[in-house]
Amino acid sequence: MADVLTWLRGGLEALDEPREIITAHDAHRGAAQIAGVQALDERPRSLLLMSAAQLVSASPETGLKQALPPSRRADSNRGPLHYE
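What you are looking at is a predicted structure, and each value in this text was computed from that prediction instead of being measured. (Residues numbered from 1 in each chain as written. Predicted model: local features only at pLDDT ≥ 70, side-chain atom pairs only at ≥ 80, totals over all residues. Heavy atoms only, no water.)

> Would you take a moment to explain helix α1 (residues 2–9) for this structure?
In an α-helix there are 3.6 residues to a turn, and that puts residues three or four apart on one side. Where α1 is concerned, the buried positions are L5, W7 and L8. All buried residues of α1 fall inside an arc of 160° around its axis, so they share one side. Facing away from the buried side of α1 by more than 90 degrees, the exposed set consists of A2, D3, T6 and R9. Packed against the buried residues of α1 are α2 (16–24) and α4 (42–57). (Buried < 20%, exposed > 50% of the residue type's maximum accessible area, 1.4 Å probe, protein only. Helix = DSSP H or I, 4+ residues; strand = E, 2+ residues; numbered from the N terminus. Arc of directions from axis to C-beta. Contact = heavy atoms within 4.5 Å.)

> How do you make sense of the packing of α2 against helix α3 (residues 28–39) when you look at a structure like this?
When two helices pack together, their arrangement is given by the angle between the helix axes and the distance between those axes. Remark: α2 packs on α3, axes separated minimally by 8 Å, with the N-to-C direction vectors making an angle of 160°. As judged from the angle between their axes, α2 and α3 are roughly antiparallel. With respect to the hand of their crossing, α2 and α3 are arranged in left-handed fashion. Within the contact between the two elements, α2 uses D16, P18, R19, I22 and T23 and α3 uses H28, G30, A31, I34, A35 and Q38. Class assignment for the residues of the contact of α2 with α3 results in five nonpolar, four polar and two charged. (Axes fitted to C-alpha atoms, helices over the stretch in contact; angles between N-to-C directions. Parallel < 35°, antiparallel > 145°, perpendicular 65-115°, else oblique. Left-handed = near helix turned anticlockwise from the far one by under 90°. Nonpolar A, V, L, I, M, F, W, Y, C, P; charged D, E, K, R; others polar.)

Here it is in structure tokens:
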């Protein structure tokens, strides 16, 4: 998950690496989705990547869940989008 956060927070060029990895595994639709994100204008792309990074960083797998106040932590037993 640390790599995913690095890609999301790294800006436009940082998305080249995951796109190449996905392409190497013949997941061309996924690679096209990343290319589509890269083709967005700066403002919507920035908002999309920032939102995605916030969701990833709040997931239990990242180990960053404890940094959130208890009222904002996702309840692992109820799914990633359920809040207490």
